[in-house]
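Topology and contacts: notes
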Amino acid sequence: MSRLDLSGIDPRRKRTDRLARAALAGVAFLSVALLVALVGTLVVKGAPHVTKTFLTSYPSRFPSRAGALPAIVGTLLLGAVSMAAALPIGIAAAIYLQEFARANRVTTLLRASIGNLAGVPSVVFGILGLALFVRALMLGKSILAAGLTLGLLTLPIIIVVCEEALKTVPRSMREAAFALGASRWQVVRHHVLPYALPGMLTGSILALSRSMGETAPLILIGAAVYIGYMPGGLMDSFTALPIQAYYWAQDARTAFHDLAWAAVLVLLVLVALGNLTAILLRDRYQRRYKW
Amino acid sequence: MLFLFLSASVAAVATVGIFLTLVLNGLDFFREVSIWEFLFGTTWAPDFFPRQFGSVPLLKGTFLIGIGASLIGVPIGIGTAIYLSEFAHDRVRRVVKPAIELLAGIPSIIFGIVAIFVISPLLQDWFGAPVFNAANATIMLGVMVIPIITTLAEDALRAVPREIREGSYALGATKWETTWRSVVPSASSGITAATLLGFSRAIGETMVVTLAAGLVPTMSLSFLEPTQTITAFIANRAAGDLPTGSVEYLSIFAVGTVLFLITFVINVIAQYVLARQRRRFG
């Protein structure tokens with residue numbers, strides 16, 4: 001960007017220009033400062049309480065003995081179940097919309113409903129999960145019911161990022177394959193998917209992070225307050241880090257508030273690890289393919 | 001191929017499923033409570049006898065906090081977007097942009113915990129506010145909506161063609177005059193959509209309001225008093241074990257329908273506005 005020559009301009013207009021620039025920089029700096037302050041607070045308040053006992057114990061009535069082990073395992077299991085449910089469907093939907101769908105009313109409708117679903121508040125997904133998975137399909141307050149609900153919640157995100165990944169593969173790749181007589185499916189399978197895969201992976205990790213951080217749907221599904229055993233099967237009742245933090249934060253005894261800070265710090269680390277991996281992967285593959 | 005199509009239809013089926021679940025159970029609710037009372041009643045008291053289900057206090061809480069959060073988040077979000085798109089050096093962008101993305105990825109429960117254990121004590125000290133109050137949640141939600149507004153508004157600003165800026169410079173405008181009088185108006189529909197989606201996000205958010213706003217449905221418009229939103233009522237009510245078919249169970253669906261419809265309408269308007277912007281600049 002070349003510098004504007006402002007030498008002949010009314011000094012008042014120049015001053016306004018400088019003021020506006022400074023004010024906007026201040027606002028942008030504020031956004032970053034907020035993030036730093038937030039993470040800093042979390043580390044300061046939570047880190048002293050993330051002890052070995054905390055990471056390896058079950059919840060307890062005594063704050064000094066209480067731990068988040070079942071919650072950590074629960075969060076990881078929920079992430080795995082939701083991705084197992086949402087990834088195949090999300091990727092298939094993206095391939096359909098990007099590579100096969102014709103521009104007609106059905107496609108418009110499908111796209112509109114994906115856009116709409118992305119904007120539905122997460123607590124409403126919880127209501128659906130409660131009525132559909134927990135009660136109508138009688139899955140109970142299980143990891144499976146909660147995982148499916150979270151899967152549905154992350155589905156629009158997965159579809160959108162996978163479509164973006166498919167879009168980055170240049171047309172010429174497809175056309176070259178078609179010219180050699182490949183069928184549409186062969187083109188997708190052998191020439192589009194391999195290049196779009198890293199992008200899809202990146203997006204999926206972001207979706208995983210999102211599903212591990214959700215709280216409201218789990219409250220609706222009926223996550224348990226205290227789990228005194230390790231969840232093993234899909235039909236077991238469960239708790240998760242955000243839920244555990246939520247109940248600890250509401251406890252009248254302040255010692256439990258420290259545990260809530262510790263729980264959200266561990267949650268933030270899990271989520272941030274996911275996001276960081278995604279960002280690093282993206283950078284790495286962006287450099288590998290230069291179209 | 002069929003599998004691909006069916007997968008793509010899941011979102012549509014889910015949308016219909018959500019709507020039917022809400023409406024069918026909501027209709028059961030209105031067998032026991034009059035629609036008139038629900039829509040215009042100003043007392044929400046599901047636990048007292050006689051029970052009262054006037055949803056206006058919940059709507060008040062929802063909009064009070066949603067509008068308040070937007071008043072905080074929109075100027076910061078749009079200001080950041082303008083700075084990133086028009087003024088920032090590449091080096092600054094490379095720091096600010098990921099920071100905003102990371103902020104977007106922070107789970108809402110974390111904002112809730114910060115609201116109740118950090119913001120609330122400050123407000124108690126400074127303004128003599130009670131522990132639970134609308135301002136706790138409003139301030140935190142204001143921060144939460146910054147990323148979504150920044151990202152969408154920046155996309156809109158970047159889509160404004162270079163010629164518009166160059167035309168303005170050619171007429172002797174300064175950088176700021178160009179930004180404020182040419183670029184921002186050209187991106188106005190995208191910025192409007194960003195604002196709408198930020199607001200929709202704020203009224204749909206649950207954990208911050210459940211933890212920090214106080215769970216008291218009132219008609220007060222004060223930010224320094226406890227209040228309850230639709231989402232907070234749903235989360236709080238569902239935390240217990242509700243018998244299927246009871247009025248308490250069904251009330252979740254009734255207010256859920258209202259929340260769904262509000263966010264649905266806002267999102268549809270936002271999508272429409274965005275589509276218009278895209279048609280304009282390709």
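Residues numbered from 1 in each chain as written. Chains lettered and ligands numbered in written order. Predicted model: local features only at pLDDT ≥ 70, side-chain atom pairs only at ≥ 80, totals over all residues.

**Some remarks on the overall build of chain A**
- Regarding its fold elements, chain A presents 11 helices and 0 strands.
- Its helices and strands in sequence order give chain A the pattern α-α-α-α-α-α-α-α-α-α-α, from N to C terminus.
- Taking 2.2 N^0.38 as the reference for a compact globule, 291 residues should give roughly 19 Å; the C-alpha atoms of chain A span a radius of gyration of 24 Å, well beyond that estimate.
- Principal-axis analysis of the C-alpha atoms gives chain A an extent of 65 × 65 × 35 Å.
- The buried share among the 291 residues of chain A stands at 48%.
- Counting only contacts in chain A whose residues sit at least 6 apart along the sequence, the fraction spanning at least 24 positions is 76%. (Helix = DSSP H or I, 4+ residues; strand = E, 2+ residues; numbered from the N terminus. Rg over C-alpha atoms; globule rule 2.2 N^0.38 Å. Buried ≥ 20, exposed ≤ 12 C-beta atoms within 10 Å, placed from the backbone. Contact = placed C-beta atoms within 7 Å.)

**Considerations on the overall build of chain B**
- The helix and strand inventory of chain B stands at 13 helices and 2 strands.
- Expressed along its principal axes, the backbone C-alpha trace of chain B runs to roughly 70 × 60 × 35 Å.
- The buried share among the 282 residues of chain B stands at 54%.
- A sequence separation of at least 24 residues applies to 72% of the contacts in chain B between residues at least 6 apart.

**With respect to the domain arrangement of chain A**
Residues and elements named next belong to chain A.
- Here the domain parsing of chain A yields domain 1 (11-49) and domain 2 (52-288).
- For domain 1 and domain 2, the distance between their C-alpha centres works out to 31 Å.
- Of the residues lining the interface, 6 residues belong to domain 1; the matching set on domain 2 comes to 8 residues. (Domains from an automatic or database assignment.)

**Some details on helix 3 (residues 56-87) of chain B**
All names here are of chain B.
- If you check helix 3, its first and last C-alpha atoms are 44 Å apart, about what 32 residues at 1.5 Å a residue would give, namely 46 Å.
- By the largest-angle criterion, Gly73 marks the main kink of helix 3, which is about 30 degrees, and a proline, Pro75, follows within four residues.
- Most of helix 3 sits out of view: 24 of its 32 residues are buried. (Expected span 1.5 Å × (residues − 1). Bend = angle between axes of the 7 residues up to and from the residue.)

**Observations regarding the interface of chain B and chain A**
- Counting residues at the interface gives 70 residues for chain B, matched by 70 residues for chain A.
- The greatest single-element share of the side of chain B that touches chain A, amounting to 16 residues, is contributed by helix 1 (residues 2-32) of chain B.

**Remarks on the nonpolar core**
- Counting residues in hydrophobic clusters, the biggest one holds 189 residues, and the most contacted among them are A:Ile127, A:Ala245, A:Ala263, A:Val264, B:Ile113 and B:Met140.
- A total of 16 residues in this core trace back to one element, the largest contributor, which is helix 6 (residues 143-167) of chain A.
- The residues contacting A:Ala245, other than those within four sequence positions of it, are A:Ala260, A:Ala263, A:Val264, A:Leu267, B:Ile109 and B:Ile113. (Core = buried A, V, L, I, M, F, W, Y, C linked by C-beta atoms within 7 Å.)

**Regarding helix 5 (residues 108-127) of chain B**
All names here are of chain B.
- Helix geometry: helix 5 is bent most strongly at Ala115, by close to 40 degrees.
- Considered for burial, the residues of helix 5 that qualify are Ser108, Ile109, Ile110, Phe111, Gly112, Ile113, Val114, Ala115, Ile116, Ile119 and Ser120.
- Downstream of helix 5 by a residue or two, Gly128 has a phi angle that is positive, lying close to 65 degrees.

**Observations regarding unusual backbone geometry**
- One non-glycine residue, A:Met138, lies in the positive phi region at around 55 degrees.
- Summarising the element assignment, A:Met138 is placed in the loop between helix 5 (122-136) and helix 6.
- Judged by the 9 C-beta atoms lying within 10 Å of it, A:Met138 is exposed.
- Of note in this structure, B:Leu215 is not a glycine but carries a positive phi near 60 degrees.
- One can find B:Leu215 in the loop between helix 11 (207-212) and helix 12 (230-238).

**Looking at the environment of B:Leu274**
Residue and element names in this part refer to chain B.
- Within the secondary structure, Leu274 sits in helix 13 (residues 247-281).
- In this structure the C-alpha to C-alpha distance between Leu274 and Thr192, which are 82 residues apart in sequence, comes to 8.6 Å.
- Excluding its chain neighbours within four sequence positions, the residues that come into contact with Leu274 are Gly190 and Ala193.

**Quick notes on the confidence of the model for chain A**
- Residues at a pLDDT of 70 or more form 95% of chain A, whose mean pLDDT is 87.
- Between the elements of chain A, mean pLDDT differs from a low of 85, seen in helix 11 (residues 254-288) of chain A, to a high of 93, seen in helix 6 of chain A. (pLDDT = per-residue confidence, 0-100.)

**Remarks on the packing of helix 3 (residues 69-100) of chain A against helix 1 of chain B**
- Where helix 3 of chain A contacts helix 1 of chain B, the axes come no closer than 7 Å and their chain directions differ by 105 degrees. In terms of orientation, helix 3 of chain A and helix 1 of chain B fall into the roughly perpendicular class. Contacts from A:Ile89, A:Ala92, A:Ala93, A:Ile95, A:Tyr96, A:Leu97 and A:Phe100 in helix 3 of chain A reach B:Phe3, B:Leu4, B:Phe5, B:Ser7, B:Ala8, B:Val10 and B:Ala11 in helix 1 of chain B.
- Taken together, the residues of the contact of helix 3 of chain A with helix 1 of chain B break down into 13 nonpolar, 1 polar and no charged. (Axes fitted to C-alpha atoms, helices over the stretch in contact; angles between N-to-C directions. Parallel < 35°, antiparallel > 145°, perpendicular 65-115°, else oblique. Nonpolar A, V, L, I, M, F, W, Y, C, P; charged D, E, K, R; others polar.)

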